[in-house]
Amino acid sequence: MQDMISRVKGLILTPRQEWERIEAENTSVRDLYLRYIGVLAAIPPFASFLGSWLFGARGLHPTFAAGLLRAVMQYALSLPALFLTAFVISMAAPYFDGRSDDRRALALAAYSYTPAWLASAFGLVPGLRFLDVLGLYGIYVFSLGLTRMMRVPKDNLDVFTLVALFLTVAMGALHAWLVSAIAPAQLL
């Protein structure tokens, strides 16, 4: 847990130096999921669930069971969605003169999502949800890690970052659609 807190702090406060440390590591996919992704990816669905259950959201006040089901679905579907995002980043890297490496792409995606995962905690408090915008700092974190993790030259950095941003938005839309199809909000 202390390693995760140190990693989060490094990515937020000194991302350039943190990427240097990350680049030197050889963390397995399993360890990334168990010790980092699995914990931080739980923040968005459960912060949103608790905030809407305790205070209501968009005029709805979900039951505990329905809200929990939706949160569990959001969480469960976010794990493979992140892997798929990383896989596409890995496959796209050679088109931008980078190197394809699924494990490093997963680390890049996971660590770049950190600001968004943390900012989603504002979903707990009514009226502060707009602070989710702080998660956009992840775009900067991603761009710093891209050259180190995927070996994309600086000349291609901006375009690849935009492609990855588009991919992330598309994956987020697909994720939201699947969650709504499985656990519709109107049933809450």
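Above: the structure in question.
Report follows, based on the coordinates. Everything quoted here is computed from the prediction, not taken from an experiment.

1. Considerations on the layout of surface pockets
Part 1 of the reasoning: Quantified by volume, the second largest pocket comes out at close to 350 Å³.
Part 2 of the reasoning: In terms of lining, the second largest pocket is formed by 15 residues, of which the most central are Asp 3, Met 4, Arg 7, Arg 35 and Tyr 36.
Part 3 of the reasoning: Listed by contribution, the elements that provide at least two residues to the lining of the second largest pocket are α1 (2-13), α2 (15-24) and α3 (29-40).
Part 4 of the reasoning: If one sorts the elements of the lining of the second largest pocket by residue count, α3 sits on top with five residues.
Part 5 of the reasoning: Residues belonging to the lining of the second largest pocket are distributed by class as follows: six nonpolar, two polar and seven charged.

2. Focus: empty space enclosed by the protein
Part 1 of the reasoning: A complete count under the given rule lists one cavity of 30 Å³ or more for this structure.
Part 2 of the reasoning: Computed from the structure, the largest cavity encloses a volume of approximately 40 Å³.
Part 3 of the reasoning: Ile 22, Glu 25, Thr 27, Arg 103, Arg 104, Ala 107, Tyr 111 and Met 149 together form the lining of the largest cavity.
Part 4 of the reasoning: No other element matches helix α6 (residues 102-119), which puts four residues into the lining of the largest cavity.
Part 5 of the reasoning: For the lining of the largest cavity, a count of residues per class yields four nonpolar, one polar and three charged.

3. Section: a nonpolar patch on the surface
Part 1 of the reasoning: Nonpolar side chains collect at one region of the surface, where Leu 50, Trp 53, Leu 54, Phe 55, Phe 64, Leu 68, Val 72, Leu 124 and Val 125 lie side by side and expose about 730 Å² of accessible area between them.
Part 2 of the reasoning: Elements supplying a minimum of two residues to the nonpolar patch: α4 (43-55) and α5 (64-92).
Part 3 of the reasoning: Top element by residues in the nonpolar patch is α4. It accounts for four residues.
Part 4 of the reasoning: Of note, Leu 54 is situated in helix α4.

4. Remarks on the packing of aromatic side chains
Part 1 of the reasoning: Evaluated as defined, the whole model comprises seven aromatic pairs.
Part 2 of the reasoning: With a centroid separation of 6.1 Å and an interplanar angle of 70°, the aromatic rings of Trp 19 and Tyr 111 are classed as edge-to-face. Of this pair, Trp 19 sits in helix α2 while Tyr 111 sits in helix α6, and the two are 92 residues apart along the sequence. For the pair shown, Trp 19 and Tyr 111 are each scored as buried.
Part 3 of the reasoning: Here Phe 46 and Tyr 75 contribute two aromatic rings whose centre-to-centre distance is 6.2 Å and whose plane-to-plane angle is 55°, an arrangement assigned as tilted. With Phe 46 in helix α4 and Tyr 75 in helix α5, this residue pair connects regions lying 29 residues apart in the sequence.

5. Things to note about the pattern of salt bridges
Part 1 of the reasoning: Here the structure, examined in full by the defined rule, presents seven salt bridges.
Part 2 of the reasoning: A salt bridge links Glu 20 to Arg 148; the shortest N-O distance between them is 3.6 Å. Pair noted here: Glu 20 is in helix α2 and Arg 148 is in helix α7 (residues 137-150), with a separation of 128 residues, a long-range link.
Part 3 of the reasoning: A residue is classified by how much of its surface remains accessible, and Glu 20, at 41% relative accessible area, is partly exposed.
Part 4 of the reasoning: The exposure class assigned to Arg 148 is partly exposed, which follows from its relative accessible area of 25%.
Part 5 of the reasoning: Salt bridges here are not isolated pairs; linked through shared partners, they connect Arg 7, Glu 18, Arg 21 and Glu 25.

Parameters at a glance
- Residues numbered from 1 in each chain as written.
- Predicted model: local features only at pLDDT ≥ 70, side-chain atom pairs only at ≥ 80, totals over all residues.
- Heavy atoms only, no water.
- 1 Å grid on protein atoms, 1.4 Å probe; cavity = no way out; pocket = protein on both sides within 12 Å on 5 of 7 lines; lining within 4 Å.
- Points joined across faces, edges and corners; volume = space filled by probe spheres on them.
- Helix = DSSP H or I, 4+ residues; strand = E, 2+ residues; numbered from the N terminus.
- Nonpolar A, V, L, I, M, F, W, Y, C, P; charged D, E, K, R; others polar.
- Patch = residues over 30% accessible without salt bridge, like charges linked within 9 Å, V, L, I, M, F, W, Y side chains within 5 Å.
- Areas by Shrake-Rupley, 256 points an atom, 1.4 Å probe, with all protein chains shown as cover.
- Salt bridge = Lys/Arg side-chain N within 4 Å of Asp/Glu carboxyl O.
- Phe/Tyr/Trp six-rings, centres within 6.5 Å; stacked < 30°, edge-to-face > 60°.
- Buried < 20%, exposed > 50% of the residue type's maximum accessible area, 1.4 Å probe, protein only.

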